[in-house]
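Report on the structure
So the chains spell out like this:
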Amino acid sequence: METACHSPGMLQRRADQTLIDRIGRVRSGLAGTPLMPLADDELDLLAKLEFCNPTGSSKDRSALWILDRAIHRGEITRDTTVVESSSGNFALALAFYCRMLGIPFVPVIDPNCSEATEAQLRLLCRRVEKVSTHDAAGGYLRTRLARVQDLLVELGNAYWPNQYANPDARDAHYRFTAAELIAEAGPIDHLFVGVGTGGTIAGVSRRIKEAFPACVVVAVDTEGSVIFGGPPKKRRIPGIGSSIVPPLCEQAVIDEVEIVPEARAVEGCRALVERYGLYAGGSTGSIYAAIRSYFARNRPGTRRPRVAFIAPDRGHAYAKTVYNADWCRQLLTEEDLVPPVPVLAVN
């Protein structure tokens, strides 16, 4: 039986009934996220608005379920400090739920974390660790993970959720996100999911394939991410892509992969605002851009395909980047110097 990830040497403890009661009340107060139909000339397009979760992203699902399971197993008590690496959204979700539960939380972030998210984390957490050294892939992930390991030793009684490998992250989306999507959307021809830590696509793809085996699952990644074998390069938009191959990605059922340059992600964000009034984040913009490029190459036939996508983040954290004209001009200048990465197929 799979178990959650925790600090080395942690002993199994008796479950804390007070925390079990608290997290039960938190979970009982949460509702599902909306499924919004979007007008389109060729597709029956459906957006699962995961950015309507309490902290504004799909990470609420995995953060709350990971905490829930760890508390029930006795791996987290009121004396435990939770420590996690995040580029923003997962840290924000953990900070919110840990504060509600009365559990200390130390996020490890990097310069790609938006100013707004960092400011909110510093309000919610007594201690925030921010790394600034690039890793070998040009990002910060490995540097963040190394700092997490240092903190686990320093703090002693600490719990590391390890969102990159924890099966509870996958199960949260299998149990909740996918179940809602199936109940609300019915049979789906195509499903587009962004990939970062791999938890969302691992959980959602497995359950969708069980319900609708013919559904084509398209993983969406960004240029500069190494998840699907592309060359590493500087990435500016957090939340999608990775400088490691997360173990949870190996558990996903993926038919195709669509690689999106960051400039196209910006276009996707702008298009969602202009066409539908959706103020979405960089990951959501990447996924919408992937849908547009995918069906530009694979023109629908006489039957309109039913296409669903997970909209994992809202735009507030991207006000000074994706929605800032000067930032976008600099991005376009830099991306013009880099050749495009071809679309990859998964065998």
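Look above for the structure.
Note that the structure is predicted; figures quoted are calculated from it, not measured.

Packed helices, taken two at a time, are described by their axes: the angle between them and the distance between them. Between helix α1 (residues 17-28) and helix α3 (residues 89-101), the shortest axis-to-axis distance is 10 Å and the interhelical angle comes to 125°. Judged on the interaxial angle alone, α3 and α1 are oblique. The handedness of the crossing between α1 and α3 comes out as right-handed. Facing L19, R22, I23 and V26 of α1, the residues of α3 in contact are Y97, M100 and L101. Per-class residue counts for the contact of α1 with α3 are six nonpolar, no polar and one charged.

Strand order in this open sheet of four strands is β5-β4-β3-β6, and the pairing throughout is parallel. If you trace the sheet from one side to the other, it starts and ends with β5 (129-130) and β6 (158-159), each paired once. Where strand β4 (residues 105-109) lies against β5, two bridges are found, and the strand directions are parallel. Paired with I109 across the two strands is K130, which belongs to β5. In the packing of α3 onto the sheet, the strands contacted are β3 (81-85) and β4, and the crossing angle to β4 comes to about 170°.

This part is about helix α5 (residues 141-155). For α5, with 15 residues, the first-to-last C-alpha span of 21 Å sits near the 21 Å given by 1.5 Å per residue. Those residues of α5 lying buried are L141, T143, R144, L145, V148, L151 and L152. Where α5 is buried, its residues contact β3, β4, β5 and β6. Downstream of α5 by one or two residues, G156 has phi in the positive range, about 80°.

Moving on, we get to the pattern of salt bridges. Here the structure, examined in full by the defined rule, presents 29 salt bridges. One salt bridge in this structure joins E50 and R61, with 2.8 Å as the shortest N-O distance. Taken together, the residues E50 in the loop between β2 (44-49) and α2 (59-73) and R61 in helix α2 connect sequence positions eleven residues apart. R61 sits in the buried class, given a relative accessible area of 9%.

This brings us to the side chain of D68. Residue placement: D68 occurs in helix α2. A polar contact of 2.5 Å, which involves the side chain of D68, links it to the side chain of R69. D68 has contacts with I23 and R27, leaving out every residue within four places of it along the chain.

All told, the structure shown has zero disulfides when counted by the stated rule. Free cysteine: C269, not disulfide-bonded; nearest cysteine sulfur from C328 at 8.8 Å. Exposure remark for C269: the relative accessible area of 0% places this residue in the buried category.

Scanning the entire structure with this criterion turns up two cavities of 30 Å³ or more. Counted as a void, the largest cavity has a volume near 50 Å³. Across the lining of the largest cavity, the residue classes tally to four nonpolar, four polar and two charged. Lining the second largest cavity, in full, are K59, S62, Q163, A169, H173, T197, G199 and T200.

Cut-off values and rules
- Residues numbered from 1 in each chain as written.
- Predicted model: local features only at pLDDT ≥ 70, side-chain atom pairs only at ≥ 80, totals over all residues.
- Heavy atoms only, no water.
- Axes fitted to C-alpha atoms, helices over the stretch in contact; angles between N-to-C directions.
- Helix = DSSP H or I, 4+ residues; strand = E, 2+ residues; numbered from the N terminus.
- Parallel < 35°, antiparallel > 145°, perpendicular 65-115°, else oblique.
- Left-handed = near helix turned anticlockwise from the far one by under 90°.
- Contact = heavy atoms within 4.5 Å.
- Nonpolar A, V, L, I, M, F, W, Y, C, P; charged D, E, K, R; others polar.
- Pairing = 2+ DSSP bridges.
- Expected span 1.5 Å × (residues − 1).
- Buried < 20%, exposed > 50% of the residue type's maximum accessible area, 1.4 Å probe, protein only.
- Salt bridge = Lys/Arg side-chain N within 4 Å of Asp/Glu carboxyl O.
- Polar contact = N/O pair within 3.5 Å; in protein donor to acceptor, adjacent residues only side chain to side chain.
- Disulfide = S-S within 2.5 Å.
- 1 Å grid on protein atoms, 1.4 Å probe; cavity = no way out; pocket = protein on both sides within 12 Å on 5 of 7 lines; lining within 4 Å.
- Points joined across faces, edges and corners; volume = space filled by probe spheres on them.

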